Amino acid sequence: MIGGLFIYNHKGEVLISRVYRDDIGRNAVDAFRVNVIHARQQVRSPVTNIARTSFFHVKRSNIWLAAVTKQNVNAAMVFEFLYKMCDVMTAYFGKISEENIKNNFVLIYELLDEILDFGYPQNSETGALKTFITQQGIKSQHHTKEEQSQITSQVTGQIGWRREGIKYRRNELFLDVLESVNLLMSPQGQVLSAHVSGRVVMKSYLSGMPECKFGMNDKIVIDKQGKGGSADDAGKSELGGSGKQSIAIDDCTFHQCVRLSKFDSERSISFIPPDGEYELMRYRTTKDIILPFRVIPLVREVGRTKLEVKVVIKSNFKPSLLAQKIEVRIPTPLNTSGVQVICMKGKAKYKASENAIVWKIKRMAGMKESQISAEIELLPTNDKKKWARPPISMNFEVPFAPSGLKVRYLKVFEPKLNYSDHDVIKWVRYIGRSGIYETRC
Amino acid sequence: MTDSKYFTTTKKGEIFELKAELNSDKKEKKKEAVKKVIASMTVGKDVSALFPDVVNCMQTDNLELKKLVYLYLMNYAKSQPDMAIMAVNTFVKDCEDPNPLIRALAVRTMGCIRVDKITEYLCEPLRKCLKDEDPYVRKTAAVCVAKLHDINAQLVEDQGFLDTLKDLISDSNPMVVANAVAALSEIAESHPNSNLLDLNPQTINKLLTALNECTEWGQIFILDCLANYTPRDDRESQSICERVTPRLSHANSAVVLSAVKVLMKFMEMLPKDLDYYGTLLKKLAPPLVTLLSAEPELQYVALRNINLIVQKRPEILKHEMKVFFVKYNDPIYVKLEKLDIMIRLASQANIAQVLAELKEYATEVDVDFVRKAVRAIGRCAIKVEQSAERCVSTLLDLIQTKVNYVVQEAIVVIKDIFRKYPNKYESVIATLCENLDSLDEPEARAAMIWIVGEYAERIDNADELLESFLEGFHDESTQVQLQLLTAIVKLFLKKPTETQELVQQVLSLATQDSDNPDLRDRGYIYWRLLSTDPVAAKEVVLAEKPLISEETDLIEPTLLEELICHIGTLASVYHKPPSAFVEGSRGVQHKRLPARAGSGESTDSPDVSQSVGGATEAAPTVIPSQGDLLGDLLNLDLAPPAAGPTVPPSMQLGAMDLLGGGLDSLLGGDIGGSPAMGAGLGSTPAVMPTSLGAPPVVGGGLGDLFDLGGSVGMPAGAYVPPKSVWLPAMKAKGLEISGTFARRSGVIQMELSLTNKAMSVMTDFAIQFNRNSFGLAPAGPLQVLTPLSPNQTIEVSLPLSTSGPVMKMEPLNNLQVAVKNNIDVFYFSCQYPISLLFVEDGKMERQVFLATWKDIPNDNEAQFVIKDCHLNSDAASSKLQGSNIFTIAKRTVDNQDMLYQSIKLTNGIWVLTELRVQGGNPSYTLSVKCRASEVSQFVYQCYELVLKN
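Residues numbered from 1 in each chain as written. Chains lettered and ligands numbered in written order. Predicted model: local features only at pLDDT ≥ 70, side-chain atom pairs only at ≥ 80, totals over all residues. Heavy atoms only, no water.

If you look chain B up in an unreviewed UniProt entry, it shows as AP complex subunit beta from Chanos chanos. The Subcellular location (unreviewed entry) comment attached to chain B in UniProt states, word for word, "Endomembrane system". Word for word, the UniProt comment on chain B under Sequence similarities (unreviewed entry) is "Belongs to the adaptor complexes large subunit family." (UniProt positions renumbered as here; feature names shortened; annotations may be inferred.)

If you check an unreviewed UniProt entry, chain A appears there as AP-2 complex subunit mu-B isoform X2 from Chanos chanos. Quoted verbatim from the Subunit (unreviewed entry) field of UniProt, the annotation for chain A is "Adaptor protein complex 2 (AP-2) is a heterotetramer composed of two large adaptins (alpha-type subunit and beta-type subunit), a medium adaptin (mu-type subunit) and a small adaptin (sigma-type subunit)." Chain A has a UniProt comment under Sequence similarities (unreviewed entry) that states "Belongs to the adaptor complexes medium subunit family."

Pasting the structure below:
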């Protein structure tokens, strides 16, 4: 199991050091600094073995978090724990920075004591932790006996992510379907790989212990219902999901509140949600993806000192919809001496520090087309090595889900309290963003 | 609110000031002071001098302050054991506190203080806390048992905490169960033989129930524990799999990987024709792909594991090639791993895509990555024959870029392509030669030299090229030197007239001026070869080489099996068994996959470990790394090379002369080799063998010479058991027959002693065998020429053949014999050691061995323990070789030697074995794999016999 946990600043100074196991000595702190943080070479692996001691590290801005062990630990668990640790810290005091860590070091030690016992991760849900680890140490004294046992049963209980007795005057929930669409396209316009990785983020402000059921246009469910003939269409289009089309989901993963065995057997998604914001599920699709933009590059080398670049972008969605924050990044060779750009729409600039022409368009409707052309002048070099021509990448945001996913319903039941599914105000929003959206040129 | 100020107090007299503040009456000031102390402690300052003052602050109702003091205690208690005792009272009191959070805190902290005196006081509170009404306290106490065990294992056992811990597995609270499982698993690891974690269907059921309810971390503990269980049959295994599969949809990657581990392991037990088996295979792919969208560090862990899974069960991900395409922004460690998996998944179906990708990668920035990409192109060519031509032209394009490291890497892989497809792509040699000057890495230089030597007859200026390398011979690395030596000898054999000087030059460089024993020995071998028998030299040096196989870098099967049992853990990241990086007793146990239970499948059902590409050739085998391929020509690497003999200077001179003569006659005479030449060299044998440290093999020809590496000492010879009485005189009217079996230089012999205990003379002996399992039959008549007088004994040796009629006997090695004389016919039966049937050419090719090992189903594997054997592995190996049990390879893992051996029976049956010898442990483990598994038992008996005599 994890033998110790260290946090360093970018210089390699220790900000937090907590040792859980006897086999980890103080010299481990220095070993990591010398061999990894101060190493001359770029980091080649997130796991480093120094003298039979293994170090796992992640970096957040310029802060290093390192977990140390001498045993054959579950490596995936260690990394998951380090991410979780970052989440918990962010939830408590915001951005992970040297200043924030120093300002909260007492709190961090307290958290580390709670969420890692003898190197074994314990309940690390912020919802639960915040009920008894607070920045005001005194508050914890005032718990009554009932409160105390409520805390402990929540921390150890089956529903460790939600406390009892939550009350809202207005029961409300927000669902965000956030997708990032990834594309790698050949210069000839052939799709080399494309996939959507999506997340359903839920903000719930619901009283009591509500039982929720979430439905979407999952092909497997729709097909099953179609066959059965007894389609439960009541839920359909209830939340604005108008499309009848279904989508094939390659794989999905769920927040720990979702009953996985039920999903496995019936493919229904039922759960008691945590209070506030959390990620309900992640999914991935690869079939029938709507690619919101098509990039057509044309690069011509004119002699040894000049390049002509022309890039056309075409938007490929309903004309009534608007894409936003569009940015096209066209890489230029390292020996570029000057660039002249002409674009039909938006603004384009050559950024020497980034070796790229950055073309920004604020808004663009569907089924439109725009174009940029540039002349790049090059300094003659002796370098034999050819320019690697990195791909042209694109960023954008569109108000629909490129995978075609639609929320069909989200039903809420709270048998003990007197509100019903109809009283809950529900909001659904779809946002599609570019992930790694690249076209080779 | 800002605590950062505590980090900045670095003035003199600080400790003194702190002391004053700690003893202040004001609570706030005290707390401030403790915070300062902790801050100093964090940065590594020694604040142990403040121990009594800090401990004094412990008695407080402020929980935050209390936690800080505890933190201090955990750090310094060990260095101040006497003072730490001051804290005990507070702990004991806190363990009785009405607030469960405080009770838990006390027991948690107490377990972290590694001071004997405190530990004594811990037992009572811990006992209470293990049975506390509050689950939070119980789950903390469960972990505390593991802590205590780490400090004083005996105490934990004496106090009966282990039983209490076991009871907690049935606790109503899932988190208590999870922590108890974690604690028990850890304790069990340091007691490998105790059945502490007594997993039975009932406990498994409890664990599976808790699995659905506990936290993500708890699920990991439980799944990791489940993976150690071996189900009783395939049904149980299936039902566990069914309950574990839902975990594949968990958001936590570690839960997913641990579930994959359980499934991969239990799947071994499911019959392959079961529908569920196929369903399960299909269910595994999507979650593995999803892991690739996790954060880069987790992707890395996942990819290292996928690399193992793809080797074990290629069919799972064979359609998922695209997800392993490298993204421009992937961290380098992710890129390199993806590339590795791409090659493993490359097949005829997707090769076009893969090649296009690899070509892209070859233009990237990171040198290591580019190199690997170029090498990958070569591996594709070797793996998928249809793509070879495109690969070669891609490589040529890359050579044209003139980027130094790309060119070098390309040449290294082209060499392999030449070996795989001889006489197909040699047209590119001219292009390669153009780049000769830019090669500065040993591997590339060696590869180029190999190419020049191999195709010397097609390269007009081969001699000039090689000569140019020769100038700086002593500055080259060994790899290049060896290659240069071989290449020039090849050149000489192909064009003897022009290159005589060159070969003499290189031989003297290698033998006289080098202190590298390998180089020197190889030099001498060539030298002698050329001087003794140039024709033979030609046959040997220019012999056709075996093709290289298509899969490289495969993990050796037993290691792979072990690593599959460690999916998700560090071992799977390092691709090493835990014992290679964990100290002490932990992790020394080697895990193995369970054996398949359903025996319904036949041997020829599609093997999972078939090559990814679905190519029709043999299953992939592990081939030696690049360097070996070149060095392997003489096959000397199977056993540790003989220590380089020291050659007295006088002898060197002699050798020189001899060779001079040899070369002259070689040139003078026809290359065809006249007998006169051999005579001219007549004196050679007298001198050379001693310098080579070889037994009298000279006459025996070159074959023997090359076997030297295998067994430097002469083989001990087959073991012949002493004679035993087969037919007592009472049963045979006075004739007593005792005998034994022996195999002498390839001939099986039955050695008999016939004693006449009767009163009259016996004559007219004859012998006959009943049909038997291996068709043993007398190869000639029983030679008893003179009559046997009373009280006389005669020794007869009867050669046997194996061409007689066959009938399976019970036991297998039973032989029924009839002996006739002038008095009567007598029958008896005897049993022969099966080693009799081990033939001399039972040494399997290394590659073939690996392929065959994989090919034989696990059902046919039998394991035996050979006790009380005190030989080391080398002695055992040479002893066994005497009985024609040949060691193919040897591997050493943490003081345990594994010998891989092959045996061939007279009827052509191959038996493969793995012999594990642990230093200091007189018990060997023998695994025997054979298609005819009934033989295994007898092979084991032979091992027993040979090793113990």
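Having seen the model, we can carry on.
A. Seen up close, the overall build of chain B. Within chain B one finds 40 helices and 13 strands. When each of the 949 residues of chain B is scored for burial, the buried share is 58%. Long-range pairs, those at least 24 residues apart, make up 68% of the contacts in chain B with a sequence separation of at least 6. Carbon and sulfur atoms make up 51% of the accessible area of chain B, which amounts to about 37600 Å² in all. (Helix = DSSP H or I, 4+ residues; strand = E, 2+ residues; numbered from the N terminus. Buried < 20%, exposed > 50% of the residue type's maximum accessible area, 1.4 Å probe, protein only. Contact = heavy atoms within 4.5 Å. Areas by Shrake-Rupley, 256 points an atom, 1.4 Å probe, with all protein chains shown as cover.)

B. Just the UniProt feature "domain: Beta-adaptin appendage C-terminal subdomain" (unreviewed entry) in chain B, in detail. Per the UniProt record, "domain: Beta-adaptin appendage C-terminal subdomain" (unreviewed entry) is annotated on residues 838-948 of chain B. Here residues 838-948 of chain B runs as 30% helix and 35% strand, with 18 Å between its end C-alpha atoms.

C. Just the domain arrangement of chain B, in detail. Residue and element names in this part refer to chain B. Each assigned domain of chain B is listed here: domain 1 (346-438), domain 2 (441-532), domain 3 (724-832) and domain 4 (837-948). A separation of 31 Å is found between the C-alpha centroids of domain 3 and domain 4. Between domain 3 and domain 4, the contact holds 12 residues from the first and 12 residues from the second. Carbon and sulfur atoms supply 66% of the area that domain 3 and domain 4 bury against each other, a total of about 820 Å² over both sides. Per-residue buried area on domain 3 facing domain 4 is highest for R743, F774 and L812; these three make up 60% of the total on that side. On inspection of domain 3 and its partner domain 4, the count reaches 2 salt bridges. Close ionic contact of K808 with E934 constitutes a salt bridge, the shortest N to O distance being 3.3 Å. If you look at where domain 3 meets domain 4, you find 4 residue pairs in polar contact (both at pLDDT 80 or more). Here the residues of the side of domain 3 that touches domain 4 sort into 6 nonpolar, 4 polar and 2 charged. (Domains from an automatic or database assignment. Buried area = accessible area lost by both parts, 1.4 Å probe. Salt bridge = Lys/Arg side-chain N within 4 Å of Asp/Glu carboxyl O. Polar contact = N/O pair within 3.5 Å; in protein donor to acceptor, adjacent residues only side chain to side chain. Nonpolar A, V, L, I, M, F, W, Y, C, P; charged D, E, K, R; others polar.)

D. Spotlight on the sheet that holds strand β10 (residues 886-893) of chain B. Residue and element names in this part refer to chain B. Strand order in the open sheet formed by 5 strands is β9-β13-β12-β11-β10, and the pairing between neighbours is antiparallel. What marks the edges here is a single partner per strand, and that holds for β9 (861-866) and β10. This sheet shows a mean twist of 20 degrees between the axes of neighbouring strands, independent of strand direction. The pairing of β10 with strand β11 (residues 896-904) spans 7 bridges and is antiparallel. By the bridge assignment for β11, A889 is matched with Y900. In the packing of helix α38 (residues 846-855) onto the sheet, contacts are made with β9, β10, β11, β12 (910-918) and β13 (924-930), and the angle to β12 comes to roughly 95 degrees. Strands in contact with helix α39 (residues 873-882) are β10, β11, β12 and β13; relative to β11, the strand with the most contacts, it is inclined by about 5 degrees. (Pairing = 2+ DSSP bridges. Axes fitted to C-alpha atoms, helices over the stretch in contact; angles between N-to-C directions.)

E. Examining the environment of A302 of chain B more closely. Take A302 of chain B: it is sitting in helix α18 (residues 296-312). A302 of chain B sits 611 residues away from T913 of chain B along the chain, and the two C-alpha atoms are 34 Å apart.

F. Layout of the interface of chain A and chain B. Of the residues lining the interface, 92 residues belong to chain A; the matching set on chain B comes to 110 residues. Of the roughly 8600 Å² buried between chain A and chain B on both sides combined, carbon and sulfur atoms contribute 55%. Here R21 of chain A makes a salt bridge to E186 of chain B, at a shortest N to O gap of 2.5 Å. Where chain A packs against chain B, one counts 44 residue pairs in polar contact (both at pLDDT 80 or more).

G. Structural detail: the domain arrangement of chain A. By the assigned domains, chain A splits into domain 1 (4-130), domain 2 (172-225 + 245-289 + 401-439) and domain 3 (293-398). Centre-to-centre separation of domain 1 of chain A and domain 2 of chain A, based on C-alpha positions: 32 Å.

H. Highlighting the packing of aromatic side chains. Going through the model one piece at a time under the given rule, you end up with 32 aromatic pairs over all chains. Aromatic side chains Y524 of chain B and W527 of chain B sit 6.3 Å apart centroid to centroid with 20 degrees between the ring planes, which places their arrangement in the stacked category. Linking Y524 of chain B with W527 of chain B, this pair stays in helix α29 (residues 517-532), spanning 3 residues, or about one helical turn. Given the relative accessible area of 5%, Y524 of chain B is considered buried. Through a chain of ring-to-ring contacts, the aromatic side chains of F6, Y8, F32, F55 and W64 of chain A assemble into a single cluster. For the cation-ring pair, K203 of chain A lies above F174 of chain A, with the distance from its terminal atom to the ring centre recorded as 5.9 Å. Of note, K335 of chain B hangs over the ring of Y328 of chain B, and the distance from its end group to the ring centre comes to 5.8 Å. (Phe/Tyr/Trp six-rings, centres within 6.5 Å; stacked < 30°, edge-to-face > 60°. Lys NZ or Arg CZ within 6 Å of the ring centre and 35° of its normal.)

I. Region of the structure containing the packing of helix α20 (residues 351-361) of chain B against helix α22 (residues 388-400) of chain B. Residue and element names in this part refer to chain B. Interaxial distance between α20 and α22 falls to 11 Å at its minimum, and their mutual angle equals 10 degrees. By the angle between their axes, α20 is roughly parallel relative to α22. Between α20 and α22, the contacting residues are A352, L355 and K359 on the first element and R390, C391, T394 and D397 on the second. Residues of the contact of α20 with α22, tallied by class, amount to 3 nonpolar, 1 polar and 3 charged. (Parallel < 35°, antiparallel > 145°, perpendicular 65-115°, else oblique.)

J. Fine view of the side chain of S873 of chain B. Within the secondary structure, S873 of chain B is located in helix α39. When residues no more than four places from it in sequence are discounted, the contact partners of S873 of chain B are K890, D897, L899 and V917 of chain B.

K. Structural context of the sheet that holds strand β11 (residues 251-254) of chain A. Pairing in this open sheet of 9 strands is mixed, and the strands run β11-β13-β9-β8-β23-β21-β16-β19-β18 (chain A) from one edge to the other. Unpaired on one side and paired on the other, β11 and β18 (347-351) of chain A mark the two borders of the sheet. The mean inter-strand angle of the sheet, taken between neighbouring strand axes irrespective of direction, is 15 degrees. Pairing geometry for β11 of chain A and strand β13 (residues 276-285) of chain A, over 4 bridges, is antiparallel. By the bridge assignment for β13 of chain A, D251 of chain A is matched with R284 of chain A. Where helix α17 (residues 275-290) of chain B meets the sheet, its contacts fall on β11 and β13 of chain A, and the angle it forms with β11 of chain A comes to roughly 65 degrees.

L. Just the pairing of strand β8 (residues 825-831) of chain B, in detail. Residue and element names in this part refer to chain B. Only one face of β8 is covered, namely the one carrying F826, F828 and C830; the face carrying V825, Y827, S829 and Q831 has none of its residues buried. Pairing of strand β7 (residues 814-820) with β8, which is carried by 7 bridges, proceeds in the antiparallel orientation. Note that in β8 the partner of V817 across the bridge is F828. Between β7 and the antiparallel strand that follows it, β8, lie 4 residues.

M. Here's a closer look at the nonpolar core. Of all hydrophobic cores here, the largest spans 290 residues; its most connected members are F56 of chain A together with Y72, L126, L317 and F418 of chain B. With 14 residues, the top contributor of residues to this core is helix α2 (residues 75-93) of chain A. Contact partners of L126 of chain B, with chain neighbours within four places excluded, come to V107, A141, C144, V145, L148 and F161 of chain B. Ranked by size, the runner-up nonpolar core spans 61 residues in total, among them I748, F765, Y924 and L947 of chain B. (Core = buried A, V, L, I, M, F, W, Y, C linked by side-chain atoms within 4.5 Å.)

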